[in-house]
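Architecture at a glance
The chain contents come next:
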Amino acid sequence: MSKTWRPATQLVHGGTLRSQYGETSEAIYLTQGFVYETSEAAEARFKGETEGFIYARYGSPTNDMFEKRMCMLEGAEDARATASGMAAVTAAILCQLKSGDHIVAARALFGSCRWVVETLAPKYGIDCTLIDGRDLANWEKAITAKTKVFFLESPTNPTLEVIDIAGVAKLANQIGAKVVVDNVFATPLFQKPLELGAHIVVYSATKHIDGQGRCLGGVVLSDKEWIDENLHDYFRHTGPAMSPFNAWTLLKGIETLPLRVRQQTENAAKIADFLAEQGKVAKVIYPGRKDHPQADIIAKQMTGGSTLVAFELKGGKDAAFALQNALDIIKISNNLGDSKSLITHPATTTHKNLTEEARAELGISPGTVRLSAGIEDTDDLIEDFARALAKVSA
């Protein structure tokens, strides 16, 4: 297996294991446990003296293929596949912390991610400070003697803010803290947090990696030492493992990731430009546009835009609902990264549990709408928006 393979080749062939039957498509190993030739072989396996699988909660051949393929794409040494994206986020954060430790997190987070650091972690004696992550000075000011983890999304959900990952990593390294980056909105094709200095990367594989609305999944990636010392035992004993069936489904999805993301990004960029010209739209936020507030950082750390577009309608919630209800091709859903174009109203769905003040701090207004562009014909999608906008009261 060549390390010089480019992403499109890695995602078709990387990490593939074949049985004695020489199957073309990866096999699904739907088994809970494994058998050993002798008692001595079992003892050696459990001691770690010989390689092999012990129990599906720890790992399986199908999951191993998925983890290896993700490592190749991300440039990581090791990975663990989890049952969902939130299982990955929770594991990546809690596995390395204890009572008395401190998290600094960007306040612009997916609702469940924010709940983990703001509500769950403090129940175990882990303090958290939420900041405006766009300003590096805020990260530095929030540091305490107990700070162990910096956590961020970039671009953020749903307003597509971009955070200087290299700058945050530099601060973390000065105090021996670890940077955890949720890289879902950028995808591993457009942003490489580990190359920028981050220590751990998490994904909801449910999104672009599956990309076809079929199954849940997540993955945590880092260097082997960090995983062995922090995640390994947490993962084995708390049981957030991915189903081998889901791992197989994700392996099939990841083969077409570059093709899907390329078309989704092209669609998102053209739709963003179209929406920016519409009188009923107050503003458009898209990482590929020159008017993005962090365009200079995007130029440094991202190689593409995004499959997501955030925009605000002048008519508030009523206008947002009217637009979404009038769309034909584009479906209302809180998911993203799908081959189908999906649209959601964050204030009443993904971020509804935040206070109105907290949403306002994040730039989520009653008129904010998030679009996840699919792979449909671009002109059909723009025409769908044009028809729907015509039904929105000025």
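Let me begin by describing the structure that accompanies this report. (Residues numbered from 1 in each chain as written. Predicted model: local features only at pLDDT ≥ 70, side-chain atom pairs only at ≥ 80, totals over all residues. Heavy atoms only, no water.)

**Overview of the overall build of the chain**
Spelled out, the test is: Going along the chain from the N terminus, every DSSP run of H or I of four or more residues is numbered as a helix, and every run of E of two or more is numbered as a strand. Each radius of gyration is computed over the set of C-alpha atoms, and the globule rule expresses the reference value as 2.2 Å times the number of residues to the power 0.38. Exposure categories follow from relative accessible area, calculated using a 1.4 Å probe and restricted to protein chains: below 20% of the type maximum is buried, above 50% is exposed, and the middle band is partly exposed. By the convention used here, residues are in contact when the closest approach between their heavy atoms is within 4.5 Å. Accessible areas in this description were obtained via Shrake-Rupley with a 1.4 Å probe; residue shielding takes into account the shown protein chains only. Positive charges come from Lys and Arg alone, negative charges from Asp and Glu alone, with His and the N- and C-terminal ends not counted. We put the charge of a Lys on NZ, of an Arg on CZ, of an Asp on CG and of a Glu on CD.
Counting its secondary structure elements, the chain contains 16 helices and 12 strands. Taken over C-alpha atoms, the radius of gyration comes to 22 Å for the chain, in line with the 21 Å a tight globule of 394 residues would show. Projected onto the principal axes, the alpha-carbon positions of the chain cover approximately 75 × 55 × 35 Å. Within the chain, buried positions represent 57% of all 394 residues. For the chain, restricting intrachain contacts to residue pairs at least 6 apart in sequence, the fraction spanning at least 24 positions comes to 73%. Total accessible area computed for the chain in this model is approximately 17100 Å², and 51% of it derives from carbon and sulfur atoms. Charged side chains in the chain number 42 positive and 48 negative. The centres of these two groups are separated by 2 Å.

**Remarks on the state of the cysteines**
Stated precisely, the cut-off is as follows: Throughout, disulfides are identified as pairs of cysteine sulfur atoms within 2.5 Å of each other.
Inspection of the entire model under this criterion finds zero disulfides. Cysteine Cys-71 remains unbridged, with the sulfur of Cys-95 as its closest cysteine sulfur at 15 Å. On the accessibility criterion, Cys-71 (10% relative accessible area) is buried. Not engaged in a disulfide, the cysteine Cys-95 finds its nearest cysteine sulfur in Cys-113; these two sulfurs lie 15 Å apart.

**Quick word on the sheet that holds strand E8 (residues 281-285)**
Here is the rule: Here the rule is simple: two strands pair whenever DSSP picks up at least two bridges between them. Here an angle of 0 to 180 degrees is reported between the N-to-C directions of two axes, which are lines fitted to C-alpha atoms, with helices fitted over the stretch in contact.
Reading across from one edge, E8-E9-E12-E11-E10 is the order of the five strands in this open sheet, with mixed pairing throughout. Each end of this open sheet is capped by a strand with a single partner; those strands are E8 and strand E10 (331-332). Sheet analysis places E10 next to strand E11 (residues 342-344), joined by two bridges and oriented parallel. Counted as the bridge partner of Ile-332 is Ile-343 from E11. Across the sheet, helix H14 (residues 316-326) touches strand E9 (308-313), E10, E11 and strand E12 (368-372), and the angle it forms with E9 is around 130°.

**Some thoughts on the environment of Ala-360**
Inspection of the secondary structure assignment puts Ala-360 in helix H15 (residues 356-362). Since its relative accessible area comes to 55%, Ala-360 is described here as exposed. Taking the C-alpha atoms as reference, Ala-360 lies 9.8 Å from Ala-347; in sequence the two are 13 residues apart.

**Comments concerning the pattern of salt bridges**
Pairing is possible between side chains that carry opposite charge, provided their charged atoms lie close to one another. This is how it is decided: Should a side-chain nitrogen of Lys or Arg be within 4 Å of a carboxyl oxygen of Asp or Glu, the pair is scored as a salt bridge.
Following the criterion strictly, the structure yields 17 salt bridges and no others. Salt bridges here are not isolated pairs; linked through shared partners, they connect Glu-26, Arg-69, Lys-252 and Glu-255.

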